[in-house]
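# Secondary and tertiary structure notes
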Amino acid sequence: MTDTMQRIALARRPDGEPVPEDFRLEDIPMPDPADGEVLVKVHYMSLDPYMRGRMDDAKSYATPVPVGGTMEGGAVGEVIASKSDAFAPGDYAFGMFGWASHGCLPARELRKLDPAHGPLTAALGVLGMPGFTGWFGLTEYGKPQKGETVVVAAATGPVGSMVGQVAKARGCRVVGVAGGPEKCALATDKFGFDACLDHRAYADGKEMRDALAKACPDGIDVYFENVGGKVLEGVLPLMNVGGRIPVCGMISWYNAGGLGDNASSDKDNLPKLWRTILVNRLHVHGFIISDQFDHYPRFLSEIGPKVAAGEIGIQEDIAEGLENAPEAFMGMLKGRNFGKQIVKIT
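Residues numbered from 1 in each chain as written. Predicted model: local features only at pLDDT ≥ 70, side-chain atom pairs only at ≥ 80, totals over all residues. Heavy atoms only, no water.

### Details of the overall build of the protein
To keep things clear, this is the line we draw: A helix here means a DSSP run of H or I that spans at least four residues, while a strand means a run of E at least two residues long, and both kinds are numbered starting from the N terminus. Every radius of gyration here is taken over C-alpha atoms, with the globule rule written as 2.2 Å times N^0.38, N being the number of residues. Throughout this description, buried means an accessible area under 20% of the type-specific maximum (1.4 Å probe, protein chains only), exposed means over 50%, and partly exposed covers the range between. Working rule for contacts: check all heavy atoms of both residues, and any pair within 4.5 Å makes them a contact. Using a 1.4 Å probe, accessible areas were evaluated by the Shrake-Rupley method; residue-level cover was limited to the displayed protein chains. The convention is simple: Lys and Arg are positive, Asp and Glu are negative, and His and the chain ends are not counted. The atom standing in for a charge is NZ when the residue is Lys, CZ when it is Arg, CG when it is Asp and CD when it is Glu.
Counting secondary structure elements, the protein contains ten helices and 15 strands. Computed over its C-alpha atoms, the radius of gyration of the protein comes to 20 Å, within 12% of the 20 Å expected for a compact globule of 346 residues. Oriented by its inertia axes, the alpha-carbon framework of the protein measures out at about 60 × 45 × 35 Å. Residue burial in the protein is summarised as follows: out of 346 residues, 53% are buried. When contacts within the protein are restricted to residue pairs at least 6 apart in sequence, those whose partners lie at least 24 apart make up 67%. Of the accessible surface of the protein, which amounts to about 15700 Å², a share of 51% is contributed by carbon and sulfur atoms. The averaged location of the 44 negative side-chain charges in the protein is 6 Å from the averaged location of its 35 positive side-chain charges.

In structure tokens:
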């Protein structure tokens with residue numbers, strides 16, 4: 001075992017879109033696990049949109065990453081030292097190790113993985129936080145019923161693809177929104193969506209609405225919200241009475257800074273939004289998946305066998321090397337990834 005490890009630190013807070021200078025690759029001392037702790041050599045780490053919010057010094061549901069601190073994130077790897085009876089060297093674990101080559105955490109904060117249940121990367125995507133987010137938000141707050149129409153943006157990401165596939169399994173018409181014809185083809189051909197619209201083909205919310213109206217002739221019953229922007233503007237006028245909107249994220253506004261507070265608009269649409277919610281009796285429910293992990297075993301028991309049987313499609317985009325994590329992250333925020341964004345560390 002070497003005496004040092006590597007990490008990506010937050011060098012400074014971004015002003016709008018992150019740039020390479022906001023990150024710093026560092027060598028730091030290798031931690032020595034204390035009693036009850038486990039040291040893991042990271043094989044793969046996850047990149048997720050929520051990480052952009054952690055870079056801002058703004059009030060939110062979680063503490064921001066301090067300047068000089070390790071960028072936050074989940075990762076999977078092999079146990080190389082343990083002072084806990086729950087883990088032995090050679091075991092595999094998931095934990096919030098951050099953007100780093102190694103991680104040391106209390107055993108109670110880790111989840112043991114069985115490679116026989118699928119590739120390690122599945123714990124970062126389809127069977128991890130993103131897949132769980134899509135499944136829980138849709139089933140708990142979207143409550144899709146057979147014959148209804150479900151719309152989800154970022155349709156080929158790990159959250160959106162789970163939403164679409166679960167909705168299809170429940171007998172819904174599923175319409176995705178994605179960036180580019182290649183992603184739209186992935187949504188229909190691999191994930192089984194009924195239709196998918198390329199949001200880059202539409203200049204604004206009105207054009208988006210017109211296209212969605214053709215794809216959703218019976219209106220929209222469930223909109224799984226994870227992007228905001230013109231997609232949200234296009235969807236709202238088409239929501240049916242009693243429609244449900246689980247609010248998972250707003251990626252199109254994240255790079256504005258301030259957790260989206262600095263996003264600008266040509267006009268204030270809040271009165272129109274509020275009236276739409278009122279007159280259509282919409283159920284809009286924001287949720288943070290970290291509040292809901294007591295439901296994770298139920299998710300795993302339902303979706304795990306489907307993944308093992310090949311009934312749930314998976315698409316991963318794997319970048320190579322910790323040093324390339326910032327570039328992959330910045331690209332993901334602009335929709336350049338093709339599936340779940342992962343970084344291979346070793």
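### Brief notes about the pattern of salt bridges
Side-chain pairs of opposite charge can arise whenever the charged atoms involved come near each other. Selection rule: By salt bridge we mean one thing: a side-chain nitrogen of Lys or Arg within 4 Å of a carboxyl oxygen of Asp or Glu.
Counting across every chain of the model gives 14 salt bridges. Between Arg-12 and Asp-22 there is a salt bridge, with the nearest N and O atoms lying 2.7 Å from each other. Taken as a pair, Arg-12 in the loop between strand E1 (4–10) and strand E2 (23–29) and Asp-22 in the loop between E1 and E2 lie far apart in primary sequence, ten residues in all. Since its relative accessible area comes to 41%, Arg-12 is described here as partly exposed. For Asp-22, a relative accessible area of 2% gives the class buried.

### What to know about the packing of helix H2 (residues 129–142) against helix H9 (residues 296–308)
The criterion, for reference: Interaxial angle, 0 to 180 degrees, is taken between N-to-C directions of lines fitted to C-alpha atoms, where a helix line uses only the stretch in contact. Angular relationships are summarised with four words: roughly parallel below 35 degrees, roughly antiparallel beyond 145, roughly perpendicular across 65 to 115, and oblique for the angles in between. Under the scheme applied here, ten amino acids are nonpolar (Ala, Val, Leu, Ile, Met, Phe, Trp, Tyr, Cys and Pro), four are charged (Asp, Glu, Lys and Arg), and all others, including Gly, are polar.
At a minimum axis separation of 10 Å, H2 and H9 run at an interaxial angle of 100°. Classified by the angle their axes make, H2 and H9 are roughly perpendicular. Of the residues in H9, those in contact with Gly-131, Phe-132, Trp-135 and Glu-140 of H2 are Tyr-296, Arg-298, Phe-299, Glu-302 and Ile-303. By residue class, the composition of the contact of H2 with H9 is five nonpolar, one polar and three charged.

### Here we look at the side chain of Lys-340
Rules: Each polar contact in these results corresponds to two N or O atoms within 3.5 Å; when the atoms are within protein, one needs to be able to donate a hydrogen and the other to accept it, and residues that are neighboring in sequence are counted only if both atoms are side-chain atoms.
The topology assignment puts Lys-340 in strand E15 (residues 340–344). We classify Lys-340 as buried; its relative accessible area is 3%. Here Ser-46 takes part through its side chain, which lies 2.5 Å from a polar atom of the side chain of Lys-340. If sequence neighbours within four positions are ignored, Lys-340 has contacts with Ser-46, Leu-47, Asp-48, Leu-124, Gly-125, Pro-130, Pro-158, Gln-315, Glu-316 and Asp-317.

### Here's the deal with the sheet that holds strand E13 (residues 283–286)
Using the following cut-off: A strand pair is defined by DSSP finding two or more bridges across the two strands.
Pairing is parallel across the open sheet formed by six strands, whose spatial order is E10-E9-E8-E11-E12-E13. Bordering the open sheet on either side are strand E10 (195–198) and E13, each of which pairs with just one other strand. Averaged over neighbouring strand pairs, the angle between their axes works out to 15° when direction is ignored. Relative to E10, strand E9 (residues 173–178) runs parallel, the two sharing four bridges. Bridge pairing in E10 links Gly-176 to Cys-196. Where helix H5 (residues 205–215) meets the sheet, it contacts strand E8 (149–153), E9 and E10, and its direction lies at approximately 155° from that of E9.

### Some words on H9
Where we set the bar: A helix is expected to span 1.5 Å multiplied by its residue count minus one. Note that bend, as reported per residue, equals the angle between axes fitted to the 7 residues terminating at that residue and the 7 residues originating from it.
With 13 residues, H9 should cover 18 Å at 1.5 Å per step; its first-to-last C-alpha distance of 17 Å lies within 8% of that length. Along H9, the sharpest change in direction is near 30° and occurs at Glu-302; proline Pro-305 comes one to four residues later. Residues of H9 that are buried include every one of Tyr-296, Phe-299, Ile-303, Gly-304 and Val-307, and no others. Packed against the buried residues of H9 are strand E7 (111–113), H2 and helix H3 (158–169). Count one or two residues on from H9 and you reach Gly-310, which has phi positive near 75°.

### Some remarks on the side chain of Lys-183
The topology assignment puts Lys-183 in helix H4 (residues 181–189). Here the side chain of Lys-183 touches Gly-335 through a polar contact of 2.5 Å, landing on its backbone oxygen. Setting aside residues no more than four positions away along its own chain, Lys-183 makes contact with Thr-156, Ala-178, Gly-335, Arg-336, Asn-337 and Phe-338.

### Quick word on the packing of aromatic side chains
Our working definition: Here is the rule: rings of Phe, Tyr and Trp (six-membered ring for Trp) pair when centre to centre is within 6.5 Å. Planes less than 30 degrees apart are stacked, more than 60 are edge-to-face, and the remainder are tilted.
For the coordinates displayed, the defined rule picks out 15 aromatic pairs. With 5.5 Å between their ring centres and 55° between their planes, Trp-135 and Phe-299 make a pair best called tilted. Highlighted residues: Trp-135 in helix H2 and Phe-299 in helix H9, separated in sequence by 164 residues. Residue class for Trp-135 comes out buried when judged on its relative accessible area of 0%. The buried category is assigned to Phe-299, whose relative accessible area is 0%. Three or more aromatic residues joined by ring pairs make a cluster, and in this case those are Phe-132, Trp-135, Phe-136, Tyr-141, Phe-224, Phe-287, Phe-293, Tyr-296 and Phe-299.

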